[in-house]
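For reference, the chains in residue letters:
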Amino acid sequence: MFIKKTQWPGGAECAVMISVNLDAEYFPRVFDPDLEVENVQNFCRMGQTGMEIGLPRLLKLLVRYRLNATFFVPGAIALRYPEELRSVAAAGHEIGCHGFSHEHLARLSPDAQLEAIRRGRDAIGTICGDNPVGFRAPEGEITTDTLRAVKKLGFYYSSSLSCSDVPFRTVLAGSGHSADTLFEIPVHWALYDLPYFSFHFWPPLPLGQPRVSCSDRVLENWKWEYDGHCRSGACFVLQLDPQCIGAQGKIYMLEALLDYIAEKGNAWFATGREIYDHLSNKEVETWII
Amino acid sequence: MKKTTWSGHAKCAFSFGWDLDGETIWRNKSKNFPGGETFIRSRSVGAFGPMRGAYRILDIMDKYHLKSTWFIPAENVARYPQLVREIQAAGHEIANHGLDHSPFYGSTPEAQLDNIRRSQDIFLQVLGKKAVGFRPTGPLLPETEDALFSDSSTLYYSRGLAEEEICFCTASDGKQTGVVSLPCRQELDEYIQMVYCSYPPIPTGQDRIAPYADVLAGFLRELQGGARFGSAMSTAFHPQVSGTPGKSLIIEKLCEYIASTPDIWCATCEEVAALWKKSMEE
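Residues numbered from 1 in each chain as written. Chains lettered and ligands numbered in written order. Predicted model: local features only at pLDDT ≥ 70, side-chain atom pairs only at ≥ 80, totals over all residues.

Caption draft 1: Geometry of the overall build of chain A. Within chain A, the secondary structure is distributed over 10 helices and 10 strands. For chain A, the C-alpha radius of gyration of 18 Å lies close to 19 Å, the compact-globule estimate for 289 residues. Considering only C-alpha atoms, chain A reaches an extent of 50 × 50 × 40 Å along its principal axes. Across the 289 residues that make up chain A, the buried fraction comes to 53%. If you take every contact in chain A between residues at least 6 apart in sequence, the share linking residues at least 24 apart comes to 75%. (Helix = DSSP H or I, 4+ residues; strand = E, 2+ residues; numbered from the N terminus. Rg over C-alpha atoms; globule rule 2.2 N^0.38 Å. Buried ≥ 20, exposed ≤ 12 C-beta atoms within 10 Å, placed from the backbone. Contact = placed C-beta atoms within 7 Å.)

Caption draft 2: Geometry of the overall build of chain B. In terms of helices and strands, chain B carries 11 helices and 11 strands. Looking at the 282 residues of chain B, the share that counts as buried comes to 50%. When contacts within chain B are restricted to residue pairs at least 6 apart in sequence, long-range pairs at least 24 apart make up 76% of them.

Caption draft 3: Just the sheet that holds strand β1 (residues 12-15) of chain B, in detail. Residues and elements named next belong to chain B. Taken in spatial order, the 4 strands make up an open sheet running β9-β10-β1-β11, and their pairing is parallel. This sheet does not close on itself; its edge strands, each paired only once, are β9 (184-189) and β11 (264-266). If you compare each strand with its neighbour and ignore which way they point, the axes differ by 35 degrees on average. Bridge count between β1 and β11: 3 bridges; the pairing is parallel. Bridge assignment links Cys12 to a residue of β11, and that residue is Ile264. (Pairing = 2+ DSSP bridges. Axes fitted to C-alpha atoms, helices over the stretch in contact; angles between N-to-C directions.)

Caption draft 4: Structural context of the nonpolar core. Counting residues in each nonpolar core, the largest one holds 161 residues, and the members touching the most others are Ala15, Met17, Val73, Cys235 and Phe236 of chain A together with Leu182 of chain B. For this core, the leading source of residues is helix α2 (residues 41-63) of chain B, giving 9 residues. Contact partners of Cys235 of chain A, with chain neighbours within four places excluded, come to Cys14, Ala15, Met17, Asp165, Val166, Pro167, Ile185 and Ile275 of chain A. (Core = buried A, V, L, I, M, F, W, Y, C linked by C-beta atoms within 7 Å.)

Caption draft 5: Looking closely at the interface of chain A and chain B. With 44 residues of chain A in contact, the opposing surface of chain B contributes 35 residues. Top contributing element to the side of chain A that touches chain B by residue count: helix α7 (residues 215-231) of chain A, with 8 residues. Counted by class, the side of chain A that touches chain B contains 22 nonpolar, 13 polar and 9 charged residues. (Nonpolar A, V, L, I, M, F, W, Y, C, P; charged D, E, K, R; others polar.)

Caption draft 6: Molecular detail of the environment of Trp26 of chain B. Residues and elements named next belong to chain B. Residue position: Trp26 is located in helix α1 (residues 24-30). Using a count of 25 C-beta atoms within 10 Å as the deciding quantity, one classes Trp26 as buried. Considering only alpha carbons, one finds Trp26 and Ala47, 21 residues apart in sequence, at a separation of 9.3 Å. Apart from residues lying up to four places away in sequence, Trp26 is in contact with Ser42, Arg43, Val45 and Gly46.

Caption draft 7: Structural context of helix α1 (residues 41-64) of chain A. Residue and element names in this part refer to chain A. Look at α1: 34 Å from first C-alpha to last across 24 residues, which is about the 34 Å you get at 1.5 Å a residue. Those residues of α1 lying buried are Phe43, Met46, Gly47, Gly50, Met51, Gly54, Leu55, Leu58 and Leu59. Each element contacted by the buried residues of α1 is listed here: β1 (14-21), α3 (82-90) and α8 (242-245). In the stretch just after α1, Arg66 is the one whose phi turns positive, near 50 degrees. (Expected span 1.5 Å × (residues − 1).)

Caption draft 8: Looking closely at α2 of chain B. Residues and elements named next belong to chain B. Look at α2: 33 Å from first C-alpha to last across 23 residues, which is about the 33 Å you get at 1.5 Å a residue. Of all the bends in α2, the greatest, near 50 degrees, is centred on Gly53. Within α2, 19 of the 23 residues are buried, leaving the element largely enclosed by the surrounding structure. Two residues or fewer past α2, His65 is found with a positive phi of approximately 55 degrees. (Bend = angle between axes of the 7 residues up to and from the residue.)

Caption draft 9: Spatial organisation of unusual backbone geometry. Residue Pro206 of chain A is reached from Leu205 of chain A by a cis peptide bond, and omega for that bond is -10 degrees. Relative to the elements of secondary structure, Pro206 of chain A occurs in the loop between α6 (194-197) and α7. In this structure, the amide linkage connecting Tyr199 of chain B to the following residue, Pro200 of chain B, adopts the cis form with an omega of -10 degrees. Looking at the secondary structure, you find Pro200 of chain B in the loop between α7 (190-194) and α8 (212-229).

Caption draft 10: Main features of the pairing of strand β4 (residues 93-96) of chain B. All names here are of chain B. Residue alternation in β4 divides its side chains into two sets, Glu93 and Ala95 and Ile94 and Asn96, and both sets are buried. The sheet contact formed by strand β3 (residues 69-72) and β4 spans 4 bridges and is parallel. Its bridge partner being in β4, Trp70 is matched across the sheet by Ile94.

Caption draft 11: Here's a closer look at the environment of Tyr65 of chain A. The residue Tyr65 of chain A is located in the loop between α1 and β2 (70-73) in this model. Separated by 193 residues in the primary sequence, Tyr65 of chain A and Leu258 of chain A place their C-alpha atoms 8.0 Å from one another.

Caption draft 12: Spotlight on the environment of Leu257 of chain A. Residues and elements named next belong to chain A. Looking at the secondary structure, you find Leu257 in helix α9 (residues 251-264). Between the alpha carbons of Leu257 and Leu219 there is a distance of 7.0 Å; along the sequence they are 38 residues apart. Ignoring anything within four residues of it in the chain, the contact list for Leu257 reads Leu219, Trp222 and Lys223.

Caption draft 13: Layout of the confidence of the model for chain B. Mean pLDDT over chain B works out to 95, with 99% of the residues at or above the 70 mark. Scoring the predicted complex yields pTM 0.97 and, for the interface, ipTM 0.97. (pLDDT = per-residue confidence, 0-100.)

In structure tokens, the structure reads:
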């Protein structure tokens, strides 16, 4: 075998992390990180619907399947929806930081990046009591300074990059200083619901206004992904947005996927923090930027 | 045109072409965006290829006892010498995919030839031999192509064009050269159907990731068409795309089909080009 298999607790064939990006009104920035969203009424309504209808539906489902997920939230959304966020935390889910106002971090100076992530961290800490240890960069580009800021602010891990399908360490200081690294739980677009389904005519979202996917076909992709992850002991990180997966015609996808995984009985379900705890003292690959 | 007799009873020749582009295409793309030289997130999508995807692909090729051709920008040959030597040691062909995957080779024939010479030097240095096959990453001037076509060490060209038939490349004076043109059609490019990044947006219109089962179905139709019309073809597959866990099952299922279909002769581009050239000369 050329590919290296990661060992998971209990001899599981793969790790499964259910992550939720609680972007609310900021979700259009997934497609266009520089977009002005606050004054677009439709975007706000779509985001609110996700919080009011999608989120409770998703939380109920997670209770039913007895699963803990990892929610990444921009600080401003935490402040806008404190009750909702507390209910997520109270249900035992991990809360991670997703910037402050879903800013496009690569556009900011290193100091401004640090400040935005600090504000995001502090907002979550104020509402939930504990500072988050996980960070997922708001969609849009990031720089090495982003990850340096994340490390400096005391986060344990990032879940923002795509260079592997198992956790690795990003070398922040250039080669030669391998001690200065940040633990990374990689993500892939194919396992994120929004890019398959979001649609808006004006402002156009996504940019080319492609037809939305057929949810059955997306579910099939996710099942192929799960099977592929099991073959090489990979880390299956699902990214969900309540306004998408929590909608009446799509929530079945998550149920069907979880039933499929349960039927195979070979997954280790974990939050980001639990994956970090399992691997932080073990040898993992490194990515030298 | 004379119908080629491929190896055994095969009706068509198929070669897995793996473009190990790594970060190059993302870095080159980001350059067009403000501050793009500092972006690391989209580059990480490409880094998946040499860091993880290539190993998964090598496992699949081994499982089905298939030899393939890896088109690698010289920059990546220099950056990942250990991986590239592993690929070579596993019996696969390493072919030339430009210096740094830039679509721009230079503005004069001299500059373009120098660019190609520099990439070939890296191949020689790391692998002990120059590549006999080329998959250019951008257009070359007619004078540059003429020089390449008259170089006896060049066996084949595999361009991303819509051509269906394997043939000899034509020089600018219209004369047929001794360099084989091995088709690589966009129907056999999985990047087009499944690559995704929201920023920089790729594809530009942010189209959806295709259903994997549909992608596989399209590939099988290409193979069936190839067998029907007796053609030769290579793929533009990418470890950073189909080396990801779920998409690698498309490749597995494709290999299963090839293994169970005597109509298809699966070999490296070098083998396909050499056999066809020999059959034309006979």
